[in-house]
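Each chain is listed here by its residues.
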Amino acid sequence: KQEVTQIPAALSVPEGENLVLNCSFTDSAIYNLQWFRQDPGKGLTSLLLIQSSQREQTSGRLNASLDKSSGRSTLYIAASQPGDSATYLCAPSGGATNKLIFGTGTLLAVQP
Amino acid sequence: NAGVMQNPRHLVRRRGQEARLRCSPMKGHSHVYWYRQLPEEGLKFMVYLQKENIIDESGMPKERFSAEFPKEGPSILRIQQVVRGDSAAYFCASSTGGVGNTEAFFGQGTRLTVV
């Protein structure tokens, strides 16, 4: 059974800092992994999709890496901005039908 | 191309009533997933459907909950005889293929409150 852990649970940083969010998962037999952000009271916005054959993906100030064999992914956010404040969710595929399995997220607050 | 559309955005039901939540996937998407998010908890998988088929319902409670994705029209998550513990945000996602291979996109959710 796929289980996902995200560390830290919460993070508060001043604007401009570079930061790293961590995700670990127990079943390395994944097809892909997605990172999402969720703003309070809103839905999920897809940030990055990493296929299992890839080691990283980049979109703007975001870079996600995947080490499938060790069951880890990291999301790197460069030059953080107050608008980056949200909950960040990691979701590797898992189970017999490869559905997305979510961690509990990292709540990020970027202080102006 | 509109995103995944869920309605209603907010739904209030009295205990014992039925709740119907609708999800229209993105154009061209034939795979739909329902998740539930309880207050202060993560998203929990409920059910995975393709047109007219339930592929995986391993996360669905055995009683009172059902889901369908008909050939025409939106996917429906139905909760009969709601109880206070059903109060949660229900999210729908869609993709072109199974999420093992393709990107999933989520709707804004339906927030169900049972009073």
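Predicted model, so just to flag it, every value in this text is computed and none were measured.

Description of the interface of chain A and chain B
Every contact between the two is made by 21 residues of chain A and, on the other side, 22 residues of chain B. Both faces combined, the contact of chain A with chain B buries some 1,700 Å², and carbon together with sulfur accounts for 54% of it. Linking chain A with chain B are 1 salt bridge. Summed over the shared surface of chain A and chain B, the number is 7 residue pairs in polar contact (both at pLDDT 80 or more). Listed by contribution, the elements that provide at least two residues to the side of chain A that touches chain B are β4 (32–38), β5 (44–51), β9 (86–94) and β10 (99–100) of chain A. By residue class, the composition of the side of chain A that touches chain B is 7 nonpolar, 12 polar and 2 charged.

Some words on the layout of surface pockets
For the largest pocket, the calculated volume is near 560 Å³. Around the largest pocket sit 24 residues that line it, and A:Gln38, A:Thr87, B:Gln37, B:Glu40 and B:Glu41 are the ones nearest its centre. Sorting the residues of the lining of the largest pocket by element identifies β9 of chain A together with β9 (88–95) of chain B as the ones contributing at least two each. For the lining of the largest pocket, the residue count by class is 10 nonpolar, 9 polar and 5 charged. The calculated volume of the second largest pocket comes to roughly 420 Å³. What lines the second largest pocket is a set of 20 residues, and nearest its centre among them are A:Lys1, A:Gln2, A:Ile101, A:Phe102 and B:Lys44. Of the residues in the lining of the second largest pocket, the class split is 7 nonpolar, 8 polar and 5 charged.

What counts as what
- Residues numbered from 1 in each chain as written.
- Chains lettered and ligands numbered in written order.
- Predicted model: local features only at pLDDT ≥ 70, side-chain atom pairs only at ≥ 80, totals over all residues.
- Heavy atoms only, no water.
- Contact = heavy atoms within 4.5 Å.
- Buried area = accessible area lost by both parts, 1.4 Å probe.
- Salt bridge = Lys/Arg side-chain N within 4 Å of Asp/Glu carboxyl O.
- Polar contact = N/O pair within 3.5 Å; in protein donor to acceptor, adjacent residues only side chain to side chain.
- Helix = DSSP H or I, 4+ residues; strand = E, 2+ residues; numbered from the N terminus.
- Nonpolar A, V, L, I, M, F, W, Y, C, P; charged D, E, K, R; others polar.
- 1 Å grid on protein atoms, 1.4 Å probe; cavity = no way out; pocket = protein on both sides within 12 Å on 5 of 7 lines; lining within 4 Å.
- Points joined across faces, edges and corners; volume = space filled by probe spheres on them.

Purely geometric numbers; function is a separate question.
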